[in-house]
Amino acid sequence: MTAAALTGEAERAIPAPRRGRATRGAYLVAAICVAVIAVMAAPMALSFLASIKTAADASAVPPHYLPQALSFENYAKVINFQAGLASYVGNSGLVALITIAACIALAAPAGYGLARFAMRGKEIAFLILLAPIMIPYQALLTPLYLDFARLGLVNTHLGLAIVHTILQLPFSVFLMRNSFESIPREIEEAAMVDGCSTWKRFTRIFLPLAVPAIVTVALFAFINSWNEFLAALIVMNRETSFTVPILLVSVQIGNHGAVDWGALQASVVISMIPCIAVYLALQRYYVSGLLSGAVK
Amino acid sequence: MAPALLFVGLFVMIPLGQLVAVSLTDRSLLGGDRFIGFTNYWRIWNDSNFWRALVFTAKYTLILTPILMVLGFLLALLTVENTSLKRVTRTIVFLPVVIGLPSSSLLWFWLLDEQVGLVNKLLVELHVIREPIVWFATAPLAFWAVVMSITWKVVGFGMVLFIAGIQSINPDILEAAVMDGAGYWSRVRLIILPLTRRVLLLTTLISAIGSMLAFDQFYIMTSGGPRGQTFTAVYWIYQNSFISFKLGYGAALSIVLTLIILFFSTMQIALTARSVET
């Protein structure tokens, strides 16, 4: 089941009812679709609208749906919040980058090995690589925190990225293995005949053909790392090492007890935008990754 | 494969062993590392707060999961064909899935606020309620506030999986049913539901495991309150380990939770494995 399945065949999946009753039905279905869109999009749209209100307007009681005047006051506040937005975005970005790199570097060779080599204990290796699915990472945070404290990894990007990699690795291995398995053996055999070494076959033939899977691995690693909260809360406990989700709750808690609603929605928007952007740009990969990760 | 195995060994298997070891001590961040056997586990048995958190988490899971599955399935039926309107609907419904729990929780924390929240404003204007509801003042209302926000946030996940399930049904079967005069809902009941059973089951499991591990939404929206009534299992572990610094006790709690989750995830993997064979 791939993304193609979501775009092919579907017209035939449920045959449309015959005409007559059909048009009224079609209008009803369209109306429901529009209502669903409105309900689902409204919270994000309202959050964006609140973020461009003036600070006073954003905290007005009773509130207004639309900004009374356009203002970037709230964003200006978030940019200068505590250690500064650049620092938080930088932390999140760097952690996500390390996570992406680690997931690809670990999962691609592992997936290749699982897909292409006949060896003893392969099944066991696969089970071990999938084990982190069965053990909630939330449970591992206590020993990991103690280890990180000993190794000096608390409040480091590497430390948090390790936790995020634990979280993403099973899915990544699974995806890479499936992708390598689907590459026809004939291509590999032809390369063998031409005298390609195993390593060369991996880098010259398999990796280029597995680009969609690699993009999917990177995409999921990014989104999940960018949004991960609990480990960030525990591992990154110094103001300068906070990631974006921790910035959000810091804004929520505020300085003097009263919530700065405008700044809060501005920071929510800032944290949502990268996710929405990469999702819309790479939707096809996201959906196919979701399907093969969950259903296959 | 070796680097990946090494990584899992170093950062999953060894910590898992350490977790067991720490759970048998009275270790805390403030000192103390004595071996105390199963004392922590005995304390869990008598820890009414933990059981309350576990029951609360189970209740949350049992109520949220059916809501997500039913709505997700209906949305899948609504948007399964590839017209442009339906594709847009699908994309918009799925959008909240990617934005992250901290963002969505804070978004709803704001929308539901009794003073500046637009949900209250809308409900008052529509004459559904007379006065703004203080959503986070009582446990039942706080519970439903979180359920509402999470439904918005993740309903698209089930929808996408169900759409794939429905689209993988052989169209000839559905056409034959139309020829035989089966109406829309009887096709849904007699063909689509039985043929997507496995996807439904798997999605239910994935969703239930996620709910059993809920933390972010309660930390951000209710802080476990009022009066500790909305602590989830993971939240209670966090509270013990990293707020009260009782690492030994927190580790024992983690083991209990892991065993519970293990039960569900074994089922998930068994189901997945069987589907690969067929």
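The model shown is predicted, which means the values in this text are computed figures rather than measured ones. (Residues numbered from 1 in each chain as written. Chains lettered and ligands numbered in written order. Predicted model: local features only at pLDDT ≥ 70, side-chain atom pairs only at ≥ 80, totals over all residues.)

## Side note on the overall build of chain B
What counts, and what does not: Secondary structure elements follow DSSP: runs of H or I of four or more residues count as helices, runs of E of two or more count as strands, with numbering from the N terminus. A pair of residues counts as a contact when their C-beta atoms, built from backbone coordinates, are within 7 Å of each other.
Helix and strand counts for chain B stand at 13 helices and 0 strands. Mapped in sequence order, the helices and strands of chain B form the string α-α-α-α-α-α-α-α-α-α-α-α-α. Structurally, chain B occupies a C-alpha span of about 75 × 60 × 35 Å along its principal axes. A separation of at least 24 residues holds for 69% of the contacts in chain B among residues at least 6 apart in sequence.

## Some details on the packing of helix α8 (residues 137-151) of chain A against helix α9 (residues 157-181) of chain A
Residue and element names in this part refer to chain A. Just so we agree on the cut-off: Axis definition: a line fit to C-alpha positions, over the contact stretch in the case of helices; interaxial angles, taken between N-to-C directions, run 0 to 180 degrees. Throughout this description, any angle smaller than 35 degrees is read as roughly parallel, any larger than 145 degrees as roughly antiparallel, any in the 65 to 115 degree range as roughly perpendicular, and the remainder as oblique. For a crossing to be left-handed, the near helix must be turned anticlockwise from the far one by less than a right angle; the clockwise case is right-handed. We call Asp, Glu, Lys and Arg charged. Ala, Val, Leu, Ile, Met, Phe, Trp, Tyr, Cys and Pro are nonpolar, and the rest, Gly among them, are polar.
Contact geometry for α8 and α9: axes closest at 11 Å, N-to-C directions at 150°. As far as their axial angle goes, α9 and α8 are roughly antiparallel. Judged by the twist between their axes, the crossing of α8 over α9 is right-handed. The segment α8 lies against α9, with Y137, L144 and F148 engaging G159, V163, I166 and L167. Tallied by class, the residues present in the contact of α8 with α9 amount to 6 nonpolar, 1 polar and no charged.

## Description of the interface of chain A and chain B
Each partner contributes to the interface: chain A provides 80 residues, whereas chain B provides 78 residues. Per-element accounting of the side of chain A that touches chain B gives the leading share, 11 residues, to helix α3 (residues 21-51) of chain A. Tallied by class, the residues present in the side of chain A that touches chain B amount to 64 nonpolar, 11 polar and 5 charged.

## A few points about the domain arrangement of chain A
Accessible area lost on assembly of the parts is the figure often given for the size of an interface. Residues and elements named next belong to chain A. What counts, and what does not: Segmentation of the chain into domains, including their bounds, is taken from an automatic or database domain assignment.
For chain A, the assigned domains are domain 1 (16-76) and domain 2 (84-294). Taken together, the contacts link 12 residues of domain 1 with 8 residues of domain 2. Residue assignment for the side of domain 1 that touches domain 2 shows that the elements contributing at least two residues are α3, α4 (55-58) and α5 (73-79). With 5 residues, α3 is the single largest residue contributor to the side of domain 1 that touches domain 2. Partitioning the side of domain 1 that touches domain 2 into residue classes produces 6 nonpolar, 4 polar and 2 charged.

## Focus: the environment of W110(B)
Mapping W110(B) onto the fold places it in helix α5 (residues 101-111). In this structure, the C-alpha to C-alpha distance between W110(B) and M221(B), residues 111 residues apart in sequence, is 9.3 Å. Sequence-distant contacts of W110(B), that is, excluding residues within four places in its chain, are made with W261(A), L264(A), Q265(A), V116(B) and G117(B).

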